[in-house]
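A structural walkthrough
Below, each chain spelled out in residue letters.
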Amino acid sequence: MPPIPGSGLAKGLAVTLRTMTKKTVTAQYPDTQPELPRRSRGVIGLFEENCTVCMLCARECPDWCIYIDSHKETSPPAAPGGRERSRNVLDRFAIDFSLCMYCGICIEVCPFDALFWSPEFEYAETDIHELTHERDKLREWMWTVPEPPALDPGAEEPKEITAARKAADKLAAQRAREQQEEQEPRQQRDEKGGTP
């Protein structure tokens, strides 16, 4: 059966009439800040103490918008006869937000938890060159990162904590055995009649 001419227009006008009678819910943005979802993606914050300059974030970024510069520093040996240790020191960490597509791959691949999502979204600039933010600005955004949600009461304990607890219990049991073994000869000496 062919459609009735003008039925599409009538349906569209019906939707318009229905929404015209409802109250508008427009948020007056500059005056009223929006309530963002807890895990909204605004900008990327950098916790530079955790950054080891492994370059994984820069290599995995599909837009190549992360710029990292570093240099090597050698530290003297901790003990005599040891060898010098070298480590990378972060000189520059910048993200070009005019290229970033907010995919979050850099945050996911960071093995040392140096990158986090921040809900900050007001960082517009009049010049596109000013959208490349250096580590100082990324560090400021780190303090706006919300706390991670608490674990569910019935959730399994993370494997890392379980392994650490087992190792600590094992060490405590070993120390208790050593203390007991030290006290047994003392008790035997005391029973024999004094100290030698």
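The name given to the protein chain in an unreviewed UniProt entry is NADH-quinone oxidoreductase subunit I, and the organism recorded there is Streptomyces pakalii. In its Subcellular location (unreviewed entry) section, UniProt records this for the protein chain: "Cell membrane". Recorded in UniProt for the protein chain, the comment headed Catalytic activity (unreviewed entry) runs: "a quinone + NADH + 5 H(+)(in) = a quinol + NAD(+) + 4 H(+)(out)".

1. Some words on the UniProt feature "binding site: [4Fe-4S] cluster 2" (unreviewed entry) in the protein chain
Sites flagged by UniProt as "binding site: [4Fe-4S] cluster 2" (unreviewed entry) map to Cys61, Cys100, Cys103 and Cys106. In terms of the greatest pairwise C-alpha distance, the residues named above, spread along 46 residues, form a tight cluster of at most 10.6 Å across. Checked against the lining of the largest cavity, the annotated residues reduce to Cys61, Cys100, Cys103 and Cys106. Within the secondary structure, cysteine 61 sits in the loop between helix H2 (56-60) and strand S2 (66-75). Tracing the chain through its elements places cysteine 103 in the loop between strand S3 (85-96) and helix H3 (105-109). For cysteine 103, a relative accessible area of 29% gives the class partly exposed. Every residue in contact with cysteine 103, bar those within four places of it in the chain, is listed here: Arg41, Pro62 and Trp117.

2. As for the layout of surface pockets
Estimates place the volume of the largest pocket at around 670 Å³. In terms of lining, the largest pocket is formed by 19 residues, of which the most central are Arg39, Phe116, Trp117, Val145 and Pro146. Secondary structure elements with two or more residues in the lining of the largest pocket: H3 and strand S4 (115-118). A total of three residues in the lining of the largest pocket trace back to one element, the largest contributor, which is S4. For the lining of the largest pocket, the residue count by class is 11 nonpolar, two polar and six charged.

3. Quick look at a negative patch on the surface
Where like charges cluster on the molecular surface, the negative patch consists of Glu178, Glu181, Glu182 and Glu184. Considering the arrangement of structural elements, one finds glutamate 181 in helix H5 (residues 159-192). With a relative accessible area of 53%, glutamate 181 lands in the exposed category.

What counts, and where the lines are drawn
Residues numbered from 1 in each chain as written. Predicted model: local features only at pLDDT ≥ 70, side-chain atom pairs only at ≥ 80, totals over all residues. Heavy atoms only, no water. UniProt positions renumbered as here; feature names shortened; annotations may be inferred. 1 Å grid on protein atoms, 1.4 Å probe; cavity = no way out; pocket = protein on both sides within 12 Å on 5 of 7 lines; lining within 4 Å. Helix = DSSP H or I, 4+ residues; strand = E, 2+ residues; numbered from the N terminus. Buried < 20%, exposed > 50% of the residue type's maximum accessible area, 1.4 Å probe, protein only. Contact = heavy atoms within 4.5 Å. Points joined across faces, edges and corners; volume = space filled by probe spheres on them. Nonpolar A, V, L, I, M, F, W, Y, C, P; charged D, E, K, R; others polar. Patch = residues over 30% accessible without salt bridge, like charges linked within 9 Å, V, L, I, M, F, W, Y side chains within 5 Å. Areas by Shrake-Rupley, 256 points an atom, 1.4 Å probe, with all protein chains shown as cover. Salt bridge = Lys/Arg side-chain N within 4 Å of Asp/Glu carboxyl O. Lys, Arg positive; Asp, Glu negative; His and termini not counted. Charge placed at Lys NZ, Arg CZ, Asp CG, Glu CD.

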